[in-house]
Amino acid sequence: MTRRRLGFALWRLRESPTPTRYRAHCLICAAHSSDAVSAGAAQQWCLEHAGRTHHSAYEVAWIGRFDAAMEDNTTDIIGTADTADTADTVHSRSARQS
Ligand SMILES: [Zn+2]
């Protein structure tokens, strides 16, 4: 058992500097491309797959990454509790060990 202070904290999403990726997906056989750095490269995979298989329905997904970070000094303490030693984070609510 660990004594913890419980409170609410503000979390913010920020777009990661990781480059956007694109992935093509065949709706006929579920084959998919590897991640591509451009939509054009994913579309090229669709055309090559169509040429080999004659499959004619595709989706191209945009894949972006976001990083969540807790804002500093935004925790409002709502009490203390004895808790087990486990991570206890749900949505924007978090517990900080004191
Ligand atoms: Zn296919």
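*Asks:* Teacher, can you tell me more about the pattern of salt bridges here?
*Replies:* Opposite charge on two side chains makes pairing possible when the charged atoms of those side chains draw close. Considering all chains together, one arrives at 5 salt bridges under this definition. Salt-bridge contacts for Arg-12 lead to Glu-71; the nearest nitrogen and oxygen are separated by 3.0 Å. Here Arg-12, found in strand 2 (residues 11-15), pairs with Glu-71, found in the loop between strand 5 (66-70) and strand 6 (76-83); they are 59 residues apart in sequence, far enough to count as distant. Of the charged contacts in the structure, one is a salt bridge between Glu-71 and Arg-14, with a shortest N-O distance of 3.3 Å. One end of the pair, Glu-71, is in the loop between strand 5 and strand 6; the other, Arg-14, is in strand 2, with 57 residues separating them in the sequence. By relative accessible area, Glu-71 is classed as buried at 19%. Through salt bridges that share partners, Arg-12, Arg-14 and Glu-71 make up one connected network.

*Asks:* Can you help me understand the nonpolar core in this one?
*Replies:* Most often, soluble globular proteins keep nonpolar side chains buried together rather than apart. Ala-24, Cys-26, Ala-42, Trp-45 and Cys-46 form the largest nonpolar core, which has 5 residues in total. Those elements that provide at least two residues to this core are strand 3 (21-26) and helix 1 (39-53). Tallying contributions element by element places helix 1 first for this core, with 3 residues.

*Asks:* Can you walk me through the coordination of the zinc ion in this structure?
*Replies:* Each donor-metal-donor angle would ideally measure 109.5 degrees in four-coordinate tetrahedral geometry, or 90 or 180 degrees in six-coordinate octahedral geometry. Summarising the metal site, the zinc ion is bound by the protein donors Cys-26 (SG), Cys-29 (SG), His-49 (NE2) and His-55 (ND1), whose distances to it range over 2.1 to 2.3 Å. Bound by 4 donor atoms, the zinc ion shows angles of 105 to 112 degrees at the metal and therefore tetrahedral coordination geometry. Cys-29 sits in the partly exposed class, given a relative accessible area of 38%.

Criteria and cut-off values
Residues numbered from 1 in each chain as written. Predicted model: local features only at pLDDT ≥ 70, side-chain atom pairs only at ≥ 80, totals over all residues. Heavy atoms only, no water. Salt bridge = Lys/Arg side-chain N within 4 Å of Asp/Glu carboxyl O. Helix = DSSP H or I, 4+ residues; strand = E, 2+ residues; numbered from the N terminus. Buried < 20%, exposed > 50% of the residue type's maximum accessible area, 1.4 Å probe, protein only. Core = buried A, V, L, I, M, F, W, Y, C linked by side-chain atoms within 4.5 Å. Donors = N, O, S within 2.8 Å, 3.2 Å for Na, K, Ca; no water. Tetrahedral: all angles 85-135°; square planar, octahedral: opposite > 155°, others 65-115°.

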